[in-house]
Amino acid sequence: MGGLNSILFVPGSRADRFAKAAESGADLICIDLEDAVAPDDKDAARDAAIGSLDTLDPAGVAIRINGLKTAAGLRDLLALRDAGTKPRLVFIPMVESAAEPEIASAVLGAGAPGLVPLIETVRGLRAGDDIASAPGVAAMMFGGGDFSAELGTDLAWEPLLAARSAFVMSAAAARIPAIDVPFIALDDDIGLEAEVRRARALGFVAKAAIHPKQVETINTVMRPTEEELAEARAALDAYAAAGGKVIRHNGKMLEAPVVKRFEAMLGMDGPGMKGTDHA
């Protein structure tokens, strides 16, 4: 995903936190114009978010707009279309059909940021394959908060495992990165680490954060260790030396699917952030 493993959300109504968030060590900050902003503050937050693109590095900034079925979301989209500087990514909440990213891509036009639909409902999950493969979609994010509310369950790992699994498969089919929902227990460092490990094992390549102190754990767990990278390089060297044939390496069978995983780990192949080049 272009080296993006941690995404720190910051309220669009707190412009005083933007620069501090950018210094948190997160791979990307996402200025939130949706849930984190009261209705009366939407216009001011939009102006602040777009204005920040002239003071922060836009390559390290994403903006979550309001839903495209709302007036605020349409205003967000038009404001981004007219902005002189664009964020790296635009997160779109409550996406339930491929038509929504298609509309966003058409409105933003040439040089549009990559789009990241949030799958937050059962209906959205069932349309996940189509949404993931829509024009301009660079990644997808699992929105577990609204999803768990719709199901009537806790925002916990076990009740959402089936949904997460289906979500990851939709992202994988479209060869785009899957981003996991934030861990909301701010004082449970052990729980955070455990959930990030589970998410990575399931196929997520990034996890959102809602507090700067979560960033280091997410980065540490999501990024390959030096030992894992060394193992990948050694395996690829051995596979190449064998002429691309199936071989036994370190007591394990080394064949094409395993090689692809090692290549992805080294950034040579695999799902990557698409549609993020802009002026």
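Residues numbered from 1 in each chain as written. Predicted model: local features only at pLDDT ≥ 70, side-chain atom pairs only at ≥ 80, totals over all residues. Heavy atoms only, no water.

Chemist: Please clarify how the overall build of the chain should be interpreted in this entry.
Modeler: Tallying secondary structure elements over the chain gives 12 helices and 10 strands in all. Going through the 279 residues of the chain one by one, you find that 47% of them count as buried. Of the contacts made within the chain by residues no fewer than 6 positions apart, 67% connect residues no fewer than 24 positions apart. Carbon together with sulfur atoms contributes 53% to the accessible area of the chain, which is approximately 12900 Å² in total. (Helix = DSSP H or I, 4+ residues; strand = E, 2+ residues; numbered from the N terminus. Buried < 20%, exposed > 50% of the residue type's maximum accessible area, 1.4 Å probe, protein only. Contact = heavy atoms within 4.5 Å. Areas by Shrake-Rupley, 256 points an atom, 1.4 Å probe, with all protein chains shown as cover.)

Chemist: Any chance you could explain the packing of aromatic side chains here in plain terms?
Modeler: What describes a pair of aromatic rings is the distance from one ring centre to the other and the angle between the planes of the rings. Within the structure shown, the criterion is met by four aromatic pairs. With centroids separated by 5.8 Å and ring planes inclined at 80°, the aromatic side chains of Phe 9 and Phe 91 adopt a geometry described as edge-to-face. Here the residue Phe 9 occupies a position in strand β1 (residues 6-11), and Phe 91 occupies one in strand β4 (residues 89-92), the gap between them amounting to 82 residues. For the pair Phe 9 and Phe 91, one class covers both residues: buried. Consider the rings of Phe 167 and Phe 204, whose centres lie 5.8 Å apart with planes at 15°: the pair is stacked. Of this pair, Phe 167 sits in helix α8 (residues 157-173) while Phe 204 is found in the loop between α9 (189-202) and β8 (206-209), placing the two residues 37 residues apart along the sequence. Both residues of the pair, Phe 167 and Phe 204, belong to the buried class. (Phe/Tyr/Trp six-rings, centres within 6.5 Å; stacked < 30°, edge-to-face > 60°.)

Chemist: Just checking my understanding: could you explain helix α7 (residues 144-151) for this structure?
Modeler: Owing to its 3.6 residues per turn, the α-helix aligns residues three or four sequence positions apart on the same side. Listing the buried residues of α7 in full gives Gly 144, Phe 147 and Ser 148. The buried residues of α7 occupy an angular sector of 95° when projected down its axis, which confines them to one face. Looking at the packing, one finds that the buried side of α7 touches α5 (122-126), β6 (140-142) and α8. (Arc of directions from axis to C-beta.)

Chemist: I tried to follow the pairing of strand β3 (residues 61-64) on my own but got confused; where do I start?
Modeler: Side chains Val 61 and Ile 63 project from β3 onto one buried face, and the interleaved Ala 62 and Arg 64 project onto a second face that is buried too. Both strand β2 (residues 28-32) and β3 contribute to a ladder of four bridges, which runs parallel. Looking at the pairing, Cys 30 lines up with Ala 62 of β3. Crossover β2 to β3 through helix α2 (residues 42-52) is right-handed. Both β3 and β4 contribute to a ladder of three bridges, which runs parallel. Residue pairing across strands places Ile 63 opposite Val 90, the latter belonging to β4. A crossover connection joins β3 to the parallel β4 through helix α3 (residues 71-82); in handedness this β-α-β unit is right-handed. (Pairing = 2+ DSSP bridges. Right-handed = clockwise from strand over helix to strand, strands pointing away.)

Chemist: Explanation requested: the layout of surface pockets in the structure shown.
Modeler: Where empty space is left in the structure can be found by rolling a water-sized probe over the atoms. Approximately 270 Å³ is the volume found for the second largest pocket. Forming the walls of the second largest pocket are 14 residues, and the residues nearest its centre are Phe 9, Pro 11, Arg 17, Ile 210 and Pro 212. Within the residue set of the lining of the second largest pocket, elements represented by two or more residues are β1 and α1 (18-22). The greatest single-element share of the lining of the second largest pocket, amounting to four residues, is contributed by β1. Class assignment for the residues of the lining of the second largest pocket results in nine nonpolar, one polar and four charged. (1 Å grid on protein atoms, 1.4 Å probe; cavity = no way out; pocket = protein on both sides within 12 Å on 5 of 7 lines; lining within 4 Å. Points joined across faces, edges and corners; volume = space filled by probe spheres on them. Nonpolar A, V, L, I, M, F, W, Y, C, P; charged D, E, K, R; others polar.)

Bear in mind that shape data such as this cannot, by itself, settle questions of function.
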